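Residue-level listing of the chains:
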Amino acid sequence: QVQLVESGGGLVQPGGSLKLSCAASGVIFSNYRMGWYRQAPGNQRELVASISSAANTVYVDSVKGRFTISRDNAKNTVYLQMSSLSLEDTAVYYCKASYWGTDFWGQGTQVTVSS
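Note that the coordinates shown come from a computational prediction; the quantities given were computed from them, not determined experimentally.

Per the secondary structure count, the protein chain includes 0 helices and 11 strands. Along its sequence from the N terminus, the protein chain presents helices and strands in the succession β-β-β-β-β-β-β-β-β-β-β. For 115 residues, the compact-globule formula gives about 13 Å, and the C-alpha radius of gyration of the protein chain, at 13 Å, lands near that figure. For the C-alpha atoms alone, the extent of the protein chain along its principal axes is close to 40 × 25 × 25 Å. Each of the 115 residues in the protein chain was classed as buried or not, and the buried ones make up 41%.

Rendered as C-alpha cells:
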C-alpha cells in the first residue's frame with residue numbers, strides 16, 4: 001500500500017522559513033519523480049517544485065530563489081525548504097509521487113504565513 005505522509009507545516013511570520021518533509025512507503029522511491037503542490041482557498045492546485053529520479057529540479061517562477069526541493073532516497077523522503085515566506089505562500093501543501101503516469105498523493109500539510 002502506497003503512503004505519502006507530509007509533515008513540517010505550521011504558522012510562520014512573513015520572511016520566515018519552514019521545511020516540509022514527505023515520507024513515502026510502499027513504492028520504490030528512487031524511481032519516482034516527486035513533487036510539491038499547493039492549493040490556497042479558492043485556487044486550483046498548482047505545482048510548486050518537482051525533482052526527478054535523477055535529481056533534476058523544476059520550480060514555479062514565484063518560488064525560484066526562495067524554495068529548494070531535495071530528496072534522500074535512503075530515507076524515502078522528499079523535502080521542501082521554504083524561506084522568505086510571504087502571505088501568498090499560505091496554502092495546503094501536498095506531496096505527489098509519479099511514475100509512468102501513475103500518481104500518488106499525500107494528505108497535505110497546512111502552511112500559514114501571517115503576522
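What follows concerns the pattern of salt bridges. Inspection of every chain in the model, using the stated rule, returns 5 salt bridges. Salt-bridge contacts for Glu46 lead to Arg38; the nearest nitrogen and oxygen are separated by 2.7 Å. The shortest N-O distance in the salt bridge between Asp89 and Arg38 comes to 2.9 Å. Of this pair, Asp89 sits in the loop between β8 (77-82) and β9 (91-99) while Arg38 sits in strand β4 (residues 33-39), placing them 51 residues apart in sequence. Here the residues in one salt-bridge network are Arg38, Glu46, Arg66 and Asp89, joined through shared partners.

With respect to topology, 4 strands assemble into an open sheet ordered β1-β3-β8-β7, the strand pairing being antiparallel. Two strands lie at the open edges of the sheet, namely β1 (3-7) and β7 (67-72), each paired on one side alone. Strand-to-strand twist in this sheet, taken as the mean axis angle between neighbours without regard to direction, amounts to 15°. Relative to β8, β7 is paired through 6 bridges, and the arrangement is antiparallel. Opposite Ile69, over in β8, you have Leu80 as the bridge partner.

By the definition in use, this model includes 4 aromatic pairs. Between Tyr94 and Trp105, the ring centres sit 6.4 Å apart and the planes meet at 85°, which makes this aromatic pair edge-to-face. Of this pair, Tyr94 sits in strand β9 while Trp105 sits in strand β10 (residues 102-105), and the two are 11 residues apart along the sequence. For Tyr94, a relative accessible area of 13% translates into the label buried. For Trp105, a relative accessible area of 36% gives the class partly exposed. An aromatic cluster of three or more residues is present, and its members are Tyr32, Tyr99 and Phe104. One cation-aromatic arrangement involves Lys19 over Tyr79; the distance from NZ or CZ to the ring centre is 4.6 Å. Across from the ring centre of Trp105, 4.6 Å away, lies the NZ or CZ of Arg45, which sits over that ring.

The rules behind these values
- Residues numbered from 1 in each chain as written.
- Predicted model: local features only at pLDDT ≥ 70, side-chain atom pairs only at ≥ 80, totals over all residues.
- Heavy atoms only, no water.
- Helix = DSSP H or I, 4+ residues; strand = E, 2+ residues; numbered from the N terminus.
- Rg over C-alpha atoms; globule rule 2.2 N^0.38 Å.
- Buried < 20%, exposed > 50% of the residue type's maximum accessible area, 1.4 Å probe, protein only.
- Salt bridge = Lys/Arg side-chain N within 4 Å of Asp/Glu carboxyl O.
- Pairing = 2+ DSSP bridges.
- Axes fitted to C-alpha atoms, helices over the stretch in contact; angles between N-to-C directions.
- Phe/Tyr/Trp six-rings, centres within 6.5 Å; stacked < 30°, edge-to-face > 60°.
- Lys NZ or Arg CZ within 6 Å of the ring centre and 35° of its normal.

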